[in-house]
Protein chains: 2
Amino acid sequence: MPSPRTARDPSRTNVAIIGMGTVGAGVARLLIDHGDRTARHAGKTIWLSKAVVRDLNKPRGIDLPAGILTDSIDEVIDDPEIDVIVQLIGGLSPAREVMLRAMEAGKDIVTANKALLAEHGGELFTRAQQLGRSIAFEAAVAGGVPIVSNISQCLSANQVLSMEGILNGTSNFIVSQMEEKHAGYEPTVKLAQELGYAEADPAMDVDGTDAAQKLAILSHLAFGATVDWRDIPRDGIDRLDPVDLQYAAQLGYRIKLLASARLIDGELELSVAPTLVRKGTPMAEVRDAYNAIRVVGDAVGPVFYHGLGAGQMPTASAVVADLIDTAVGRTQLTFQTLEYFAEGRPARTVQRDVGKLRGRYYLRLHVSNHPGTLATIAGVLAEHEMSIASVIQHEERRGASEATGSSGSEAFVPLVIMTHEASEGAASEATQRIAALPSVEGRAVRMPVRE
Amino acid sequence: MPSPRTARDPSRTNVAIIGMGTVGAGVARLLIDHGDRTARHAGKTIWLSKAVVRDLNKPRGIDLPAGILTDSIDEVIDDPEIDVIVQLIGGLSPAREVMLRAMEAGKDIVTANKALLAEHGGELFTRAQQLGRSIAFEAAVAGGVPIVSNISQCLSANQVLSMEGILNGTSNFIVSQMEEKHAGYEPTVKLAQELGYAEADPAMDVDGTDAAQKLAILSHLAFGATVDWRDIPRDGIDRLDPVDLQYAAQLGYRIKLLASARLIDGELELSVAPTLVRKGTPMAEVRDAYNAIRVVGDAVGPVFYHGLGAGQMPTASAVVADLIDTAVGRTQLTFQTLEYFAEGRPARTVQRDVGKLRGRYYLRLHVSNHPGTLATIAGVLAEHEMSIASVIQHEERRGASEATGSSGSEAFVPLVIMTHEASEGAASEATQRIAALPSVEGRAVRMPVRE
Ligand SMILES: NC(=O)c1ccc[n+]([C@@H]2O[C@H](COP(=O)([O-])OP(=O)(O)OC[C@H]3O[C@@H](n4cnc5c(N)ncnc54)[C@H](OP(=O)(O)O)[C@@H]3O)[C@@H](O)[C@H]2O)c1
Ligand SMILES: NC(=O)c1ccc[n+]([C@@H]2O[C@H](COP(=O)([O-])OP(=O)(O)OC[C@H]3O[C@@H](n4cnc5c(N)ncnc54)[C@H](OP(=O)(O)O)[C@@H]3O)[C@@H](O)[C@H]2O)c1
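Not measured: the values here are computed from a predicted model.

Observations concerning the sheet that holds strand 5 (residues 108-111) of chain A
Sheet strands line up and pair through hydrogen bonds in the backbone, either parallel or antiparallel. Residues and elements named next belong to chain A. Spatial strand order, 3-2-1-4-5-6: six strands in an open sheet with parallel pairing. What marks the edges here is a single partner per strand, and that holds for strand 3 (69-70) and strand 6 (135-136). Taken together, the two bridges between strand 5 and strand 6 define a ladder with parallel strand orientation. When the bridges of strand 6 are listed, Ile109 appears paired with Ile135.

Encoded structure:
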């Protein structure tokens, strides 16, 4: 179906923002206050024509010229003068319908809605290609860090071999605070909410969902893989015990919520998990609500990106860069030649043979203080061809920080083991066997380690 | 003058590489071995038609299909089938003439030649615009780190406020080795040459010229400034004394050759200088021959990039990304709308009022071991409103590592002072006055400090 739009004014691109919340107001501010800048970069005026909200009376923290604000989505979709829709209402509905209708009305799209793309990306991108329209979504992953253009354009001469990143700023803020301030999990979540980093309901941030959705989007770009984010094995930071941050620090590591994608024998291994990262490496030194991504390409080697992954102006910066690319025509060229999410492209299987995955592991156990316990555990590890790199075992101390409900008479102490490289399958089996030993109490904590 | 080229084959872009040295051979390898990959990203075949060298018999470390290699530049410039010239001969001449003639023959250009752009960028870019041609040069700055596209495209919604980076990998390798291995300057330069990091004549790398040329190119992009690299105040690492690396380490810093550009009251301050950078910050942890750049935008905040700044395949990765952008048509769009080096654009003045520049400073002096010396020096600093943050003064030690030619009878000892924030003008004057004190011997070492 050809686009119903006819010739546009070549000297001006008219934009409507749908959703004037945190990000929308930031985009409006850049377009209104810095029209000269966007015009210089786009070679034409980028004009804010309309801004759609639900509640016309809510203060927006920005002076909008008269006639811009409306509460009618239909009004902007039906307006033939509008070239680009910036879709900044969160959630799946009506965001999905708005995007489909806007593209059918001949408009290109810029959006920051990662949840929508992770859920309905295939449908939306296929429809865009049928209609000859484009969807730009730099802001949907890692906010101000321009990782989408970097993977799809700047690193296009490479086969990406691996990609790992801190993609959720809220989680990173929480673990950084817990490590540096020795604070507990609950009060730190509260602090993150007070500072505006965490949502009222931070569940999707701290349980790894948000990072998994972003990783799925990046995997489409980097590997041409069709990935359902629900298939990505994921752990959040919501079950992280502060003692692990302290033991990791003693061993020379920090714990980060790492989203990781690796090509192994042509198959893709994806995961989101709290991971020990060696201090002094750029990834370990990512603090506060920052995001970071390390991409390894077969030609370029490792490239590391670090910046603000969320917040009003960093996210608006990415949205407006997309708007400029769309006004210039670069987005459309990229969109035509890359297949992004297009349905029907050969899906790469997600790695299932854990025998192929190899890495080092951190184990923390609560063990009985009997002679021979360490020998037994080391024996189980040895049977799975896992050798021990270092051990921390402290003397018995009453009232340890972890409330595992130690059962009365017997004395249990923490035992921390860092292994040499082993297969994921072996590590998983060995950990299960160890956790079932009579001399081991409660759950065994196991985390991957990255150098 | 309109391009003499007529319609091109839309399904194929024909490329000639002029200069098949380190980078050229890498580009040829990517085009030949990964034609499927480049075709997928470009939406068409990127075809290596010709490769020009001086010496047809030199081994190139790559199997080129028959008929590709030639020693005639004219042959490729006169070939109407060739769409893009990849210009990879170093130096100014004949590189400049080759580019001008190629553009006049209707060809777009991709190059990695930073020296040529720093010297003749204005002329070449103006001519390209007159002829409706494009010049892509991602590989000219920071090799595999895609900083050119990031500044001119991904961060286009921002006014860049400052930019600082480690832009010369050879220098960074040398200072990292000297710091970590406590090695001297001369043997480390030799090691860098053996490892292929440093050229036979590494003068332009270690004296700051190369970094200044790259900074000038980035300043064009980020600030629209017309900067002659010779106007950038610059110090290299060639006069760095190893003792300063050790004192910096004691104070919690590393020394890096930092190229820096800052907008201060609308004026641009540019410099290349060995600089103390606080340990644990991403910039301080850049090792070996890596490059890194930190850009601060008014919307996005700080964005940090880290990767391999040179070498065959990282540089080829940048060249081929440019080739893909040119084949897709993105380069041309960017080139038309951005003014890059175009002559006649308003030049920003380079900051000259050093009173406006502020920062912290590291001073190292060789002082006589008399009581009262520190008081005198502190007095001079106080007169220039410079307060002292920390001091290292060791007891007298015979045969200190620095050969300043201590003059016999009197005992001189090193004195290291770290100041609080002060103006550059005051720091410069105070240092001169201190160096002239009778109790101070030899030159006073002064370096800026970054947090
Ligand atoms: N905030 C960040 O830092 C950040 C970073 C990266 C990506 N994102 C993504 O960007 C998107 C927007 O985030 P945000 O933080 O700006 O959200 P927000 O502050 O909650 O704003 C949402 C806006 O959408 C409007 N809206 C919601 N439903 C609507 C409807 N049916 N019709 C018209 N308007 C409607 C709301 O109007 P009212 O104000 O009238 O209720 C509000 O202005 C989300 O997809 C989010 O995931 C955000
Ligand atoms: N090497 C890096 O890591 C790197 C990184 C970033 C940028 N760059 C830049 O990339 C450019 C190329 O660097 P490189 O390291 O590849 O240089 P290189 O190894 O010295 O190669 C130069 C090539 O140019 C050819 N050549 C020189 N003059 C010629 C002429 N008049 N006619 C035809 N061919 C001629 C040489 O041919 P013969 O082999 O027959 O002599 C050689 O193949 C330079 O501008 C450099 O600054 C290099």
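Moving on from the coordinates now.
Some details on the site of ligand 2
All names here are of chain B. What surrounds ligand 2 is a group of 22 residues, the closest being Val23, Arg54, Asp55, Arg60 and Gly311. Interatomic distance of 2.9 Å between a side-chain N/O atom of Arg54 and an oxygen atom of ligand 2. Between an oxygen atom of ligand 2 and a side-chain N or O atom of Lys58, the distance comes to 3.0 Å. In isolation ligand 2 has 900 Å² of accessible area, and contact with the protein removes 78% of it. Counted by class, the shell around ligand 2 contains ten nonpolar, seven polar and five charged residues.

Some words on the nonpolar core
Nonpolar side chains in soluble globular proteins tend to end up buried together. Of all hydrophobic cores here, the largest spans 172 residues; its most connected members are A:Ile135, A:Ile147, A:Met163, A:Tyr362, B:Ile147, B:Met163 and B:Tyr362. Every residue in contact with A:Tyr362, bar those within four places of it in the chain, is listed here: A:Asp244, A:Tyr247, A:Ala248, A:Leu251, A:Leu276, A:Val416, A:Ile417, A:Met418, A:Val445, A:Arg446, A:Met447 and A:Val449.

Brief notes about the pattern of salt bridges
Taken as a whole and assessed by the stated rule, the structure comprises 48 salt bridges over all chains. A salt bridge links B:Arg37 to A:Asp298, with the nearest nitrogen and oxygen atoms 2.7 Å apart. Taken together, the residues B:Arg37 in helix 2 (residues 35-42) and A:Asp298 in the loop between strand 10 (290-297) and strand 11 (301-308) connect one chain to another. Assessed through its relative accessible area of 33%, A:Asp298 is described here as partly exposed. Here the salt bridges do not stand alone but share partners, grouping A:Glu179, A:Glu180, A:Arg254, A:Glu285 and A:Arg287 into one network.

So, the state of the cysteines
Under the counting rule described, the total for this entry stands at zero disulfides over all chains. With no disulfide partner, A:Cys154 has as its closest neighbouring cysteine sulfur the one in B:Cys154, 4.7 Å distant. Among the residues examined, A:Cys154 registers a relative accessible area of 8% and is labelled buried.

Quick word on the UniProt feature "active site" (unreviewed entry) in chain A
Per the UniProt record, "active site" (unreviewed entry) is found at A:Lys214. Turning to its location among the elements, A:Lys214 is positioned in helix 10 (residues 209-223).

As for the interface of chain A and chain B
Size of an interface: often given as the accessible area lost when the parts come together. Taken together, the contact pairs 47 residues of chain A with 47 residues of chain B. Buried area between chain A and chain B, both sides added, is near 4,100 Å², and the carbon and sulfur share of it is 56%. Here chain A is connected to chain B by 14 residue pairs in polar contact (both at pLDDT 80 or more). For the side of chain A that touches chain B, the secondary-structure elements that each account for two or more residues are helix 2 (35-42), helix 6 (147-154), strand 11, helix 12 (312-328) and helix 13 (330-337) of chain A. Broken down by class, the residue content of the side of chain A that touches chain B amounts to 22 nonpolar, 19 polar and six charged. Across three bridges, strand 11 of chain A lies against strand 11 (residues 301-308) of chain B in antiparallel orientation. Residue pairing for strand 11 of chain B: A:His306 is matched across the bridge by B:Phe304.

Structural notes on the packing of helix 7 (residues 169-181) of chain A against helix 8 (residues 185-194) of chain A
Helix-helix packing is characterised by the crossing angle of the two axes and by the distance between the axes. Residues and elements named next belong to chain A. In the contact formed by helix 7 and helix 8, the axes pass within 9 Å of each other and the chain directions differ by 130 degrees. Viewed along their axes, helix 7 and helix 8 adopt a mutual orientation that is oblique. The two elements helix 7 and helix 8 cross, and the hand of that crossing is right-handed. Contacts between helix 7 and helix 8 involve Phe173, Ile174, Gln177 and Met178 on the former and, on the latter, Tyr185, Thr188, Val189, Leu191 and Ala192.

Structural notes on the site of ligand 1
Residues and elements named next belong to chain A. By nearness alone, 22 residues border ligand 1, and Gly21, Val23, Arg54, Arg60 and Gly311 come closest of all. Contact between ligand 1 and Gly21: an oxygen atom at 2.9 Å from a main-chain N or O atom of the residue. A distance of 2.9 Å separates an oxygen atom of ligand 1 from a polar atom in the backbone of Thr22. For ligand 1, whose accessible area on its own is 910 Å², the fraction buried by protein is 77%. Looking at the shell around ligand 1 residue by residue, the class counts come to ten nonpolar, seven polar and five charged.

Reading guide: rules and limits
- Residues numbered from 1 in each chain as written.
- Chains lettered and ligands numbered in written order.
- Predicted model: local features only at pLDDT ≥ 70, side-chain atom pairs only at ≥ 80, totals over all residues.
- Heavy atoms only, no water.
- Pairing = 2+ DSSP bridges.
- Helix = DSSP H or I, 4+ residues; strand = E, 2+ residues; numbered from the N terminus.
- Near = heavy atom within 4 Å.
- Polar contact = N/O pair within 3.5 Å; in protein donor to acceptor, adjacent residues only side chain to side chain.
- Areas by Shrake-Rupley, 256 points an atom, 1.4 Å probe, with all protein chains shown as cover.
- Nonpolar A, V, L, I, M, F, W, Y, C, P; charged D, E, K, R; others polar.
- Core = buried A, V, L, I, M, F, W, Y, C linked by side-chain atoms within 4.5 Å.
- Buried < 20%, exposed > 50% of the residue type's maximum accessible area, 1.4 Å probe, protein only.
- Contact = heavy atoms within 4.5 Å.
- Salt bridge = Lys/Arg side-chain N within 4 Å of Asp/Glu carboxyl O.
- Disulfide = S-S within 2.5 Å.
- UniProt positions renumbered as here; feature names shortened; annotations may be inferred.
- Buried area = accessible area lost by both parts, 1.4 Å probe.
- Axes fitted to C-alpha atoms, helices over the stretch in contact; angles between N-to-C directions.
- Parallel < 35°, antiparallel > 145°, perpendicular 65-115°, else oblique.
- Left-handed = near helix turned anticlockwise from the far one by under 90°.

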